[in-house]
Protein chains: 2
Amino acid sequence: MDVFLPFAEDDLRFMQSFKTGEMQAEPGTQLFIEGAKSAHLFTVLSGMGVRYKTLENGRRQVIGFVLPGDLVGLQAGVMGEMRHSVEATTAMRLCVFNRSRLFELYQNQPDRAFDLTFLAAVEEHFLGDALTTVGQRGAIEKIAWSLHRFYTRSQAVGLAKGLRCPLPYRQQDLADALGLSLVHTNKTLRRLKDLGLAEWSNNVLQINDLEGLAELGLVEITEAVPRPLI
Amino acid sequence: MDVFLPFAEDDLRFMQSFKTGEMQAEPGTQLFIEGAKSAHLFTVLSGMGVRYKTLENGRRQVIGFVLPGDLVGLQAGVMGEMRHSVEATTAMRLCVFNRSRLFELYQNQPDRAFDLTFLAAVEEHFLGDALTTVGQRGAIEKIAWSLHRFYTRSQAVGLAKGLRCPLPYRQQDLADALGLSLVHTNKTLRRLKDLGLAEWSNNVLQINDLEGLAELGLVEITEAVPRPLI
DNA sequence: CGTTATTTTGATTTCTTTCAATCGGTGTGG
DNA sequence: CCACACCGATTGAAAGAAATCAAAATAACG
């Protein structure tokens, strides 16, 4: 299911020149590798992925899940290189932009430039939320929070159908995102299912009690963050 | 100890008009309150603070420590409101900017605007690191990592004297930053001291073995991030 | 259908938190 | 100068949460 991006008419010509092309990524493809320089940034048209960091001791922290509409690689765009990796979980279709043109954009499209900063700020906000969850919530709260959040995001980009949305990750991915062990994640997931709150199988997340999930996950009542413009 | 900001000659006039004034904040002052709108952004000239989020259940996650040279409030600047609070820990001297002028800056100073995005990206990178630490490292690694990082940052802004630097926080603040209990933080700090790695008392951090600290904290060998330009 | 990857369980160990006090400074008022 | 209140640091003991270990059950796949 594709997402259509709200380009303003005026910007279309410039953006099209900024856009280098489209790209297809198969599952498992490394879009970015931590520490590597990259000449491109991407906007996700369809498919899903993960951002993550790897530690010297082999452990992995999933920084976030990548959904359609997301911009990936801004860090590489402005800092020269990525400080985390990004991998395609499912097949993905990407809109490719040229890093070298980024500064042009700042000179010719101040409002687009502003949008980029905005996106970075939103990303920062999301990371703050994640940090808070990982740092301060217990296992069941973490899982509840993450499922609630994922469903809400899916809904925002039109991927949810009723109370169901695709969730094409492995439990290990969720565990690595929340700082839990696989086993404990599994058991907690089961507990959530037994409580009649949510159920995840066959890459599909089924919400049974959104209210209860939000309550358990101590989800903040946050008005929807405006959609990214690029 | 003040930090001098590297304004380019050319930009001086504009930046000065952008700058609204200076401000003094006493310890305990709330610079920003989560969810509140704000008309200003600040650059820290001197003093230290904390960024944090508060949960419904009363727990607190410290998102980061604010040092001289830092820009705070960018989120409010571009998103309209802050998603976390910022509090002065010591007395602080701040350079105040006007939020309403922010968009002007994007139109007249593309390179300054780029710097802002850059800063946001750096912030995102730091948060990713913190998330990784909180999610994947054990207590002693967390503490080692955080002390190492704090010392390194202090050094970068010229606050360190030899192997010592000011660390005017409470153990509770560190605990809340790392997702540990106060008690455990205390015990772990002691362990670190017994290992001859680092010692923290009277608001001063004394590093005894930077190497060992880095090793234990699994600190990545990351080249210094270029200093912010604003 | 055999092989591999992911999910699920149970038992056990390790790490953290919680609870309950004590200790040490600091500031105040007498 | 001392009694008293207060706050942060420190300890010990006990309870609790999550990780690790080991293995079985399922699902996915060529």
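Residues numbered from 1 in each chain as written. Chains lettered and ligands numbered in written order. Predicted model: local features only at pLDDT ≥ 70, side-chain atom pairs only at ≥ 80, totals over all residues. Heavy atoms only, no water.

Asker: How would you sum up the side chain of Asp115 of chain B? Please name residues and give values.
Answerer: Its location among the elements puts Asp115 of chain B in helix H4 (residues 110-136). A polar side-chain atom of Asp115 of chain B sits 3.0 Å from a polar atom in the side chain of Arg112 of chain B. (Helix = DSSP H or I, 4+ residues; strand = E, 2+ residues; numbered from the N terminus. Polar contact = N/O pair within 3.5 Å; in protein donor to acceptor, adjacent residues only side chain to side chain.)

Asker: Give a detailed account of the sheet that holds strand E2 (residues 30-32) of chain B, specifying residues and quantitative values.
Answerer: Residue and element names in this part refer to chain B. Across the sheet, which stays open at both edges, the 4 strands sit in the order E2-E7-E4-E5 with antiparallel pairing between neighbours. With partners counted over all chains shown, the strands left at the sheet margins are E2 and strand E5 (60-66), one partner each. Pairs of neighbouring strands in the sheet enclose a mean axial angle of 30°, with direction left out of account. With 4 bridges connecting them, strand E4 (residues 49-54) and strand E7 (residues 85-88) associate as antiparallel partners. Residue Gly49 lies in a different strand from E7, and its bridge partner there is Ala88. (Pairing = 2+ DSSP bridges. Axes fitted to C-alpha atoms, helices over the stretch in contact; angles between N-to-C directions.)

Asker: How would you sum up the pattern of salt bridges? Please name residues and give values.
Answerer: Tallying each qualifying case throughout the model produces 26 salt bridges over all chains. We note a salt bridge from Arg51 of chain B to Glu123 of chain B, for which the minimum N-O separation is 3.9 Å. Placement of the pair is Arg51 of chain B in strand E4 and Glu123 of chain B in helix H4, with a sequence separation of 72 residues. As a salt-bridge pair, Asp176 of chain B and Arg60 of chain B come within 2.8 Å of each other at their nearest N and O atoms. Pair noted here: Asp176 of chain B is in helix H6 (residues 171-178) and Arg60 of chain B is in strand E5, with a separation of 116 residues, a long-range link. Residue classification places Asp176 of chain B among the buried residues on the basis of a relative accessible area of 10%. Beyond isolated ion pairs, a larger network of salt bridges with shared partners links Arg60, Arg170, Asp173 and Asp176 of chain A. (Salt bridge = Lys/Arg side-chain N within 4 Å of Asp/Glu carboxyl O. Buried < 20%, exposed > 50% of the residue type's maximum accessible area, 1.4 Å probe, protein only.)

Asker: Please provide a residue-by-residue account of the protein's contact with DNA strand C, values included.
Answerer: What surrounds DNA strand C is a group of 14 residues, the closest being Arg170, Gln171, Asn186 and Arg190 of chain A together with Ser181 of chain B. The sugar and phosphate moieties of DNA strand C supply 68% of its atoms located within 4 Å of the protein. Contact between DNA strand C and Lys187 of chain A: a base nitrogen at 3.4 Å from a side-chain N or O atom of the residue. Between Ala139 of chain B and DNA strand C, the recorded distance is 3.0 Å, taken from a backbone N or O atom to a phosphate oxygen. Elements that contribute at least two residues to the surface near DNA strand C include exactly helix H7 (182-194) of chain A together with helix H7 (182-194) of chain B. For the surface near DNA strand C, the element with the most residues is H7 of chain A, which contributes 5 residues. (Near = heavy atom within 4 Å.)

Asker: I'd like a rundown of the environment of Lys187 of chain B, residues and numbers included.
Answerer: Along the chain, the position of Lys187 of chain B falls in helix H7. Residue classification places Lys187 of chain B among the exposed positions, given a relative accessible area of 53%.

Asker: Can you break down the relation of the copies chain B and chain A residue by residue, with the values?
Answerer: Each copy superposes on the other: chain B lies on chain A with an RMSD of 0.0 Å after a rotation of 180° and an axial shift of 0.0 Å. The two molecules are tied by a two-fold rotation axis, judged by turn and shift. Both copies present the same face, since 100% of the interface residues in chain B are matched by interface residues at the equivalent positions in chain A. (Least-squares fit on C-alpha atoms with pLDDT ≥ 70 in both. Contact = heavy atoms within 4.5 Å.)

Asker: How would you explain the interface of chain B and chain A if you had to name every residue and give the values?
Answerer: Contact with chain B, which involves 52 residues of that partner, is made by 52 residues of chain A. At the boundary of chain B with chain A, total buried surface from both sides reaches about 4,700 Å², with 65% on carbon and sulfur atoms. It is Glu124, Leu131 and Gln136 of chain B in chain B that bury the most area against chain A; as a group they hold 16% of the surface buried on that side. Note that Lys53 of chain A is salt-bridged to Asp129 of chain B, the shortest N-O span being 2.8 Å. Linking chain B with chain A are 13 residue pairs in polar contact (both at pLDDT 80 or more), by the criterion used here. Secondary structure elements with two or more residues in the side of chain B that touches chain A: E5, helix H2 (74-79), helix H3 (102-108) and H4 of chain B. A total of 21 residues in the side of chain B that touches chain A trace back to one element, the largest contributor, which is H4 of chain B. Looking at the side of chain B that touches chain A residue by residue, the class counts come to 22 nonpolar, 14 polar and 16 charged. (Buried area = accessible area lost by both parts, 1.4 Å probe. Nonpolar A, V, L, I, M, F, W, Y, C, P; charged D, E, K, R; others polar.)

Asker: Explain the protein's contact with DNA strand D to me, and be specific about the residues and the numbers.
Answerer: With respect to spatial proximity, 14 residues lie near DNA strand D, and among them Ala139, Ser181 and His184 of chain A together with Gln171 and Arg190 of chain B are the closest. Of all atoms in DNA strand D that approach within 4 Å of the protein, 71% are sugar or phosphate atoms. Gly179 of chain A is positioned with one of its backbone polar atoms (N or O) 3.3 Å from a phosphate oxygen of DNA strand D. Contributions of two or more residues to the surface near DNA strand D are made by H7 of chain A together with H7 of chain B.

Asker: Any details on the sheet that holds strand E1 (residues 19-25) of chain A? Residues and values, ideally.
Answerer: Residues and elements named next belong to chain A. What the 4 strands build is an open sheet, ordered E1-E8-E3-E6; its pairing is antiparallel. Since the sheet does not close on itself, it has two edges, and those belong to E1 and strand E6 (71-72), each with one partner. One ladder, built from 2 bridges, connects strand E3 (residues 40-46) with E6; its direction is antiparallel. Note on E6: the bridge partner recorded for Phe42 is Val72.

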